[in-house]
Amino acid sequence: MKSVILAGGEGTRLWPLSRKNFPKQFLALGNDRSFLEKTFERLSKFSEPDNIFVVTGEDYKFLIKKQIESLTKKSYNNLILEPCGRNTAPAILLTLKFLIEKVKVSENEVVFFSPADHLISPEDEFTKVVLESEEVAKDNIVVFGITPDKPETGYGYIEIHKNIKNSFFEVKKFVEKPSIEKAKEYLEKGNFLWNSGMFLFSIKVMLENFKKFQKEMYEFFNRNSYEEMLKKYAELEKISIDYAIMEKSDKIICNKVNINWNDVGSWDSMYEI
């Protein structure tokens with residue numbers, strides 16, 4: 001399985017420790033490993049290091065190389081460098097072009113996408129969850145919903161309904177970060193999960209969704225090579241994958257998982273950890 005780490009964020013919510021030229025994903029808080037290094041190690045349990053790619057901004061190229069090479073003890077060049085920040089939908093589209101054109105990956109191949117700055121445990125359970133989702137992801141976009149243990153206003157939610165099999169559910173809708181009253185209501189209802197921001201899908205399925213819901217971006221993808229996409233990248237709409245695809249698609253399946261997960265998005269969550 002190919003895995004992609006999304007590492008372009010500026011981590012402004014953990015200012016002043018996290019700042020534009022040294023964002024959260026590169027910090028090692030209370031540990032000898034940075035968030036990025038922990039994520040790389042975690043994904044190495046189901047993807048060979050040579051099959052793990054990082055999409056980020058040009059500014060962070062050398063930081064990423066330094067941190068990953070300190071782990072793998074060899075040169076690391078699996079970098080997809082965005083010329084400017086355009087949010088997660090363009091970043092994913094650029095990554096798919098890179099995998100198809102430069103790595104010669106089949107469109108039928110399943111790819112796992114993960115933010116660079118989450119804490120997850122136990123890692124063996126997380127590995128199991130990803131691998132059990134691989135078959136489902138051949139024909140769907142699999143999202144990972146975390147069973148909430150408290151009313152949390154800092155996360156988006158996924159409302160699930162019909163159980164398909166085992167821990168897989170149909171998605172009714174995605175919900176923005178709620179008020180505390182709404183968060184309490186979601187917790188009581190039991191069918192609202194935290195949206196982890198991790199995805200698993202075949203390249204073919206994701207491109208079909210871009211064709212259906214983001215026609216201009218899809219046509220941009222088709223008419224340009226990877227190098228041309230880089231040159232014209234600023235032309236792409238600044239939009240998240242949630243808004244662009246997830247909230248519109250009928251091809252979304254949620255794996256409801258019971259793992260410890262935290263996106264460390266505030267000093268409050270840092271204190272909890």
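Keep in mind it's a predicted model, so treat the numbers as computed, not measured.

Caption draft 1: Up close: the overall build of the protein chain. In terms of regular secondary structure, the protein chain is built from ten helices and eleven strands. Across the 273 residues in the protein chain, those meeting the buried criterion constitute 53%. Expressed as a percentage of contacts within the protein chain between residues at least 6 apart in sequence, the contacts between residues at least 24 apart total 77%. For the protein chain, the computed accessible surface area is about 12,900 Å², with 47% contributed by carbon and sulfur atoms.

Caption draft 2: Examining the environment of Ile-245 more closely. With respect to the secondary-structure elements, Ile-245 resides in helix α9 (residues 241–246). Ile-245 has contacts with Ile-141, Met-206, Asn-209, Phe-210, Phe-213 and Gln-214, leaving out every residue within four places of it along the chain.

Caption draft 3: Highlighting the packing of aromatic side chains. With the rule as written, the count across this model stands at 13 aromatic pairs. Aromatic pair Trp-194 and Trp-261: ring centres 6.3 Å apart, planes at 40 degrees, arrangement tilted. Of this pair, Trp-194 sits in strand β9 (residues 192–202) while Trp-261 sits in strand β11 (residues 260–262), and the two are 67 residues apart along the sequence. Each member of the pair, Trp-194 as well as Trp-261, is classed as buried. By the ring-pair criterion, three or more aromatic residues cluster together here, those being Phe-46, Phe-112, Phe-126 and Phe-144. The positively charged end of Lys-97 is found above the aromatic ring belonging to Phe-221, 4.4 Å away from the centroid.

Caption draft 4: Representation of the nonpolar core. Leu-96, Phe-113, Val-143, Met-206, Phe-210, Ile-241 and Met-246 are the most contacted members of the largest nonpolar core, which has 46 residues in total. Here this core gets eight residues from one element, more than from any other, and that element is helix α3 (residues 88–101). Setting aside residues up to four positions removed in sequence, Phe-210 forms contacts with Ala-89, Leu-93, Lys-215, Met-217, Tyr-218, Ile-241 and Ile-245. Listed in part, the 42 residues of the second largest apolar core include Phe-46, Tyr-60, Leu-81 and Tyr-157.

Caption draft 5: Region of the structure containing the packing of helix α1 (residues 35–43) against helix α2 (residues 61–72). Close contact between α1 and α2 brings their axes to 10 Å; oriented N to C, the two are set at 50 degrees. Taken together, the axis directions place α1 and α2 in an arrangement best described as oblique. Crossing angle aside, the handedness with which α1 passes α2 is right-handed. Judged by residue contacts, Leu-36, Glu-37, Phe-40 and Glu-41 of α1 engage Ile-64, Gln-67, Ile-68, Ser-70, Leu-71 and Thr-72 from α2. Here the contact of α1 with α2 is composed, by residue class, of five nonpolar, three polar and two charged.

Caption draft 6: Geometry of the pairing of strand β6 (residues 141–146). Of all six residues making up β6, six are buried, and the element is well covered by its neighbours. Residues Ile-141, Val-143 and Gly-145 of β6 are buried on one face, and the alternating residues Val-142, Phe-144 and Ile-146, pointing to the opposite face, are buried as well. Bridge count for β6 against strand β10 (residues 252–257) is six bridges, and the pairing is parallel. Each residue of the ladder has a partner; that of Ile-146, found in β10, is Val-257. Pairing analysis gives four bridges linking β6 to β9, with the strands arranged antiparallel. Counterpart to Val-142 in the pairing with β9 is Leu-200.

Cut-off values and rules
- Per chain, residues are indexed from 1 in the order of the written sequence.
- Selection of residues for local features in this predicted model requires a pLDDT of at least 70, selection of side-chain atom pairs for listing and counting requires 80 or more, and totals for whole chains, interfaces and linings are taken over all residues.
- Side-chain measures here rest on the full set of heavy atoms in the structure, leaving out hydrogens and waters.
- Helix and strand definitions here come from DSSP, where helices need a minimum of 4 consecutive H or I residues and strands a minimum of 2 consecutive E residues; each element is numbered from the N-terminal end.
- Exposure classes here rest on a 1.4 Å probe applied to the protein chains alone. A residue is buried below 20% of its type maximum, exposed above 50%, and partly exposed in between.
- Any two residues whose heavy atoms approach within 4.5 Å are treated as being in contact.
- Accessible areas in this description were obtained via Shrake-Rupley with a 1.4 Å probe; residue shielding takes into account the shown protein chains only.
- Pairing of aromatic side chains here covers Phe, Tyr and the six-membered ring of Trp, requires ring centres within 6.5 Å, and sorts the geometry by plane angle: under 30 degrees stacked, over 60 edge-to-face, intermediate tilted.
- The rule for a charge over a ring is simple: NZ of Lys or CZ of Arg within 6 Å of the ring centre, and within 35 degrees of the ring normal.
- By nonpolar core is meant a set of buried Ala, Val, Leu, Ile, Met, Phe, Trp, Tyr and Cys residues that side-chain atoms within 4.5 Å join together.
- Only the contacting stretch of a helix is used when fitting its axis, a line to C-alpha atoms as for every element, and angles between N-to-C directions run 0 to 180 degrees.
- Oblique is the label for any angle not under 35 degrees, not over 145, and not in the 65 to 115 range, which are roughly parallel, roughly antiparallel and roughly perpendicular in turn.
- Note on convention: near helix rotated counterclockwise from far helix by under a right angle means a left-handed crossing. Clockwise means right-handed.
- All amino acids are sorted into three groups, where Ala, Val, Leu, Ile, Met, Phe, Trp, Tyr, Cys and Pro are nonpolar, Asp, Glu, Lys and Arg are charged, and the leftover types, Gly among them, are polar.
- We call two strands paired when DSSP finds no fewer than two bridges between them.

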